[in-house]
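# Geometric and topological summary
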Amino acid sequence: MEEQRLAVLYRFAPNNHAYGRSYLPWPAHFTEGMTEAQLAVMEPPYNTRLDRPCVELDGSVTTASRSAAKKDFDMSVFKTPYF
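A brief report on the enclosed structure follows. Bear in mind the structure is a predicted one, so any value in this text is a computation, not a measurement.

Of the regular secondary structure elements, the protein chain holds three helices and two strands. Element order for the protein chain, N to C, with α for helix and β for strand: α-α-β-β-α. Relative to its full complement of 83 residues, the protein chain shows a buried share of 22%. Considering only intrachain contacts with a sequence separation of at least 6, the fraction spanning at least 24 residues in the protein chain is 33%. For the protein chain, the computed accessible surface area is about 6,700 Å², with 58% contributed by carbon and sulfur atoms.

Set out below in structure tokens:
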């Protein structure tokens, strides 16, 4: 029996399922006029520990980040703010 196979692209994957640092930025005409919250949703998939903007339940946007101590440790050991 022949079956159809489908694939799903995870552009909007949960941050614990994908890292999308190689995604190209959206063309300017796609995002012009968007609010800060809408732009946060359009971010590629990556973990919140990398200073990702997050939309809160009330619609405000905050930046999720690791503690300064962890960032300082990475800088001293790996010479980069992110390991």
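This part takes up the side chain of Arg66. You can see Arg66 is positioned in the loop between strand E2 (61-64) and helix H3 (68-78). Within polar-contact distance, the side chain of Arg66 engages the side chain of Asp74 at 2.7 Å.

Moving on, we get to a nonpolar patch on the surface. A cluster of nonpolar side chains, Phe73, Val77 and Phe78, forms an exposed patch at the surface whose accessible area comes to about 310 Å². Tracing the backbone shows Val77 in helix H3.

This brings us to the pairing of E2. With four bridges connecting them, strand E1 (residues 52-55) and E2 associate as antiparallel partners. Following the sheet pairing, Pro53 is matched in E2 by Thr63.

For the rest of this paragraph, the subject is the environment of Tyr82. In this fold, Tyr82 is placed in the segment after H3. Classification of Tyr82 as partly exposed rests on a relative accessible area of 25%. Tyr82 sits 32 residues away from Leu50 along the chain, and the two C-alpha atoms are 7.3 Å apart. Here Tyr82 is in contact with Arg49, Leu50, Asp51, Arg66 and Asp74, once residues within four sequence places are set aside.

This paragraph deals with unusual backbone geometry. Its identity is not glycine, yet Asp51 carries a phi of approximately 60°, on the positive side. Within the secondary structure layout, Asp51 lies in the loop between helix H2 (36-41) and E1. Phi is positive for Lys79, close to 60°, though the residue is something other than glycine. Looking at the element boundaries, Lys79 is found in the segment after H3. Look at Lys79 and you get exposed, because its relative accessible area is 62%.

This part takes up the packing of aromatic side chains. As enumerated under the stated definition, the model contains one aromatic pair in all. Between Trp26 and Phe30, the aromatic rings sit 5.7 Å apart at their centres with planes inclined by 35°, giving tilted as the arrangement. Given the relative accessible area of 28%, Trp26 is considered partly exposed.

What counts and how
Residues numbered from 1 in each chain as written. Predicted model: local features only at pLDDT ≥ 70, side-chain atom pairs only at ≥ 80, totals over all residues. Heavy atoms only, no water. Helix = DSSP H or I, 4+ residues; strand = E, 2+ residues; numbered from the N terminus. Buried < 20%, exposed > 50% of the residue type's maximum accessible area, 1.4 Å probe, protein only. Contact = heavy atoms within 4.5 Å. Areas by Shrake-Rupley, 256 points an atom, 1.4 Å probe, with all protein chains shown as cover. Polar contact = N/O pair within 3.5 Å; in protein donor to acceptor, adjacent residues only side chain to side chain. Patch = residues over 30% accessible without salt bridge, like charges linked within 9 Å, V, L, I, M, F, W, Y side chains within 5 Å. Salt bridge = Lys/Arg side-chain N within 4 Å of Asp/Glu carboxyl O. Pairing = 2+ DSSP bridges. Phe/Tyr/Trp six-rings, centres within 6.5 Å; stacked < 30°, edge-to-face > 60°.

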